[in-house]
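Coordinate analysis (summary)
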Amino acid sequence: MIARFSPRQRQLLNGLLIASSVVLCLLLSPTRLPGMELLGVGPNWFLIWVVTWSLKHKVLSSVIAGLTLGLLQDSMSSSYPSHVVVLVIVGFITARLQRHIKEDLITIVLLVFILSLIAEATIALQYALMELRPIDEIWLDYQRIALSSAVLTSLWTPAFYYPLHSWWEKLQQ
Amino acid sequence: MFTVRRKWTQHGLQIVLVSLVLLIAWLIRQTQGGAIRELYALLSRPFQSESALLKEQQLTDRRVWELEQRLKDVEQQNKQLKILVKYFEAQKKPVVTAPVIGRSADEWWQQIILGRGSQDGIAVGAAVTGIGGLVGRVVDTTPNTSRVLLVSNPSSRVGASVSRSRSMGRIQGQGSQVAMMQFFEKVPDVKPGDVITTSSVSRLFPSGIPIGRVQKVMLEKNPAPEAKIEFTAAIDKLEWVIVHPIENPQ
């Protein structure tokens, strides 16, 4: 079906799809639908998006995607501790690992699980470095948030990964 | 020069597009995601249930409790005010009820998004209460939404006093239903079960709004005695809140 479109149209369609998936990501982040919540924590949609993107793109464009989504996540929560650093790191790591990863779902889910632990650690580290909160409090919060966020984020990964991944596969053919 | 020009003809469009995307993202961040929240409010409107979802029994219990505590606080205040004859009542402004339509995009930051904004008379700085007591403070508004920083957020601090003895202190959120109160006095008159309300010297909040109950007192803490406070408003289950307009805008 995609073959019918000219390269120009394909590019346009691709851009449209990317933009709308980012908007969807933005709109999902403040909602807590049933099944999307564990101990009051929701999945980290931005992280899912950046990982999905970085599995198919080069390091530079992954870092740029991390930067953009980081700015957007900042706008939906707080600007300090910033999410820009977090998502840039996530994008970078994923893009570097790209070659060594078999692209099956279990591996991706596991990767997202580990990356969200790293992401929450980066935020916790920022809190600690800026001395906004006592260390023991941060540690308690980290345990609570990191585990539920990692479980939920990895379980919801297919929601973005499947459609975007198969679209980009088709586009490459 | 030639290589720069060649690079430009090869990647010019890409560079322009990428910088455009980054510019948009930065703009959204600088405007605190106002446009996105407006869109979100618009899209989530059909899914909002009108109070049908309220867990009635629990909420009425909390409401009754809140009113009882308010009454106690008012009685206590009244006693003091009778002593101080110079007394005038500030004119009460009407309150705005607002549905909670969203939460934070990140668990480290405790905020809620309300489905009413500046069009309904909500301004930055207004105090927000839920059923049971204080919930937070409006930090940002758009025409149809407003963003509330919860009292449970680690960066929010509320001047508070013990309703029974008037011992004053400051409550700092800890990211959960429990917060820490630091007293200004060395030996505050406080015991577990005491009710904590917003302080009358607080400039940010109207005085006498119930905040929570004392769970545990730690008098030996340095540099000041502390107490664990449990919020009486169910902060993680909010569905509707009341916004109190500011009485003395700066």
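What counts and how
- Residues numbered from 1 in each chain as written.
- Chains lettered and ligands numbered in written order.
- Predicted model: local features only at pLDDT ≥ 70, side-chain atom pairs only at ≥ 80, totals over all residues.
- Helix = DSSP H or I, 4+ residues; strand = E, 2+ residues; numbered from the N terminus.
- Buried ≥ 20, exposed ≤ 12 C-beta atoms within 10 Å, placed from the backbone.
- Contact = placed C-beta atoms within 7 Å.
- Pairing = 2+ DSSP bridges.
- Axes fitted to C-alpha atoms, helices over the stretch in contact; angles between N-to-C directions.
- Parallel < 35°, antiparallel > 145°, perpendicular 65-115°, else oblique.
- Nonpolar A, V, L, I, M, F, W, Y, C, P; charged D, E, K, R; others polar.
- Core = buried A, V, L, I, M, F, W, Y, C linked by C-beta atoms within 7 Å.
- Domains from an automatic or database assignment.

Moving on to the overall build of chain B. Counting its regular elements, chain B contains three helices and twelve strands. The buried share of chain B, reckoned over its 250 residues, is 38%. Excluding contacts between residues fewer than 6 apart, the proportion of contacts in chain B whose partners are at least 24 apart in sequence is 58%.

Our next topic: unusual backbone geometry. Residue and element names in this part refer to chain B. Backbone geometry places Q32, a non-glycine residue, at a positive phi of 60°. Looking at the element boundaries, Q32 is found in the loop between α1 (2-30) and α2 (34-44). The class for Q32 is buried, based on 20 C-beta atoms found within 10 Å. Here the phi dihedral of R166 falls at roughly 70°; this positive angle occurs in a residue that is not glycine. Tracing the chain through its elements places R166 in the loop between β6 (157-162) and β7 (168-172). Judged by the 15 C-beta atoms lying within 10 Å of it, R166 falls in the partly exposed class.

Let us now look at the sheet that holds β6(B). Residue and element names in this part refer to chain B. Taken in spatial order, the six strands of this closed barrel run β6-β7-β8-β11-β10-β9, and their pairing is antiparallel. Strand-to-strand twist in this sheet, taken as the mean axis angle between neighbours without regard to direction, amounts to 40°. As defined by bridge partners, strand β9 (residues 195-198) adjoins strand β10 (residues 210-218) across three bridges and the pair is classed as antiparallel. The residue of β10 that forms the bridge with V195 is R213.

All names here are of chain B. As paired elements, strand β8 (residues 178-183) and strand β11 (residues 226-231) share five bridges and run antiparallel to each other. By the bridge assignment, Q182 is partnered in β11 with E226. Here β10 runs beside β11; their pairing, made up of six bridges, is antiparallel. The partner of V214 across the bridge, within β11, is I229.

This next bit is on helix α2 (residues 45-54) of chain A. Most of α2(A) sits out of view: ten of its ten residues are buried. At its buried positions, α2(A) is contacted by α1 (7-28), α3 (59-76), α4 (83-97), α5 (105-129) and α6 (135-172) of chain A.

Residue and element names in this part refer to chain B. The two faces of β8 differ: A179, M181 and F183 on one face are buried, but V178, M180 and Q182 on the other face are not. Examined bridge by bridge, β7 and β8 share four bridges and lie antiparallel to one another. Counted as the bridge partner of G169 is F183 from β8. Counted along the chain from β7 to the antiparallel partner β8, the turn is five residues long, and its residue G175 has a positive phi close to 75°.

Residue and element names in this part refer to chain B. With antiparallel pairing, the six strands of this closed barrel are ordered in space as β1-β2-β5-β4-β3-β12. This sheet shows a mean twist of 45° between the axes of neighbouring strands, independent of strand direction. Both strand β1 (residues 96-103) and strand β12 (residues 240-244) contribute to a ladder of four bridges, which runs antiparallel. Note that in β12 the partner of P99 across the bridge is W240.

What follows covers the packing of α1(A) against α6(A). Residues and elements named next belong to chain A. Two elements in contact, α1 and α6, have axes whose closest approach is 12 Å; the angle formed by their N-to-C orientations is 170°. With respect to α6, the axis of α1 lies roughly antiparallel. Residues R10, N14, L17 and S21 of α1 lie in contact with α6, whose contacting residues are F160, L164, W167 and L171. Within the contact of α1 with α6, the residues separate by chemical class into five nonpolar, two polar and one charged.

The figure often quoted for interface size is the accessible area lost as the parts come together. Each partner contributes to the interface: chain A provides 29 residues, whereas chain B provides 28 residues. Of all the elements in the fold, those that place two or more residues in the side of chain A that touches chain B are α1, α3 and α6 of chain A. A total of nine residues in the side of chain A that touches chain B trace back to one element, the largest contributor, which is α3(A). Taken together, the residues of the side of chain A that touches chain B sort by class into 13 nonpolar, eleven polar and five charged.

Let us look at the environment of A:S148. Residues and elements named next belong to chain A. Tracing the sequence through the fold places S148 in helix α6. Residue classification places S148 among the partly exposed residues on the basis of 19 C-beta atoms within 10 Å. Not counting the four nearest positions on each side in its chain, S148 is found in contact with L38, L39 and V41.

Grouped together as the largest cluster of nonpolar side chains are 88 residues, with contacts concentrated most on A:L47, A:W49, A:V50, A:L87, B:V135 and B:I211. When residues of this core are sorted by domain, at least three fall in each of domain 1 (2-47) and domain 2 (55-250) of chain B. Each residue touching A:W49, except ones within four places of it in the same chain, is listed here: A:S21, A:V22, A:C25, A:L69 and A:F160.

For A:K56, the location among the structural elements is in the loop between α2 and α3. Under the C-beta neighbour-count criterion, A:K56 is labelled partly exposed, with 19 such atoms within 10 Å.

Further remarks concern the domain arrangement of chain B. Residue and element names in this part refer to chain B. According to the domain assignment, chain B contains domain 1 (2-47) and domain 2 (55-250). When each unit is reduced to the centre of its C-alpha atoms, the spacing between domain 1 and domain 2 is 39 Å. Each partner contributes to the interface: domain 1 provides seven residues, whereas domain 2 provides nine residues.

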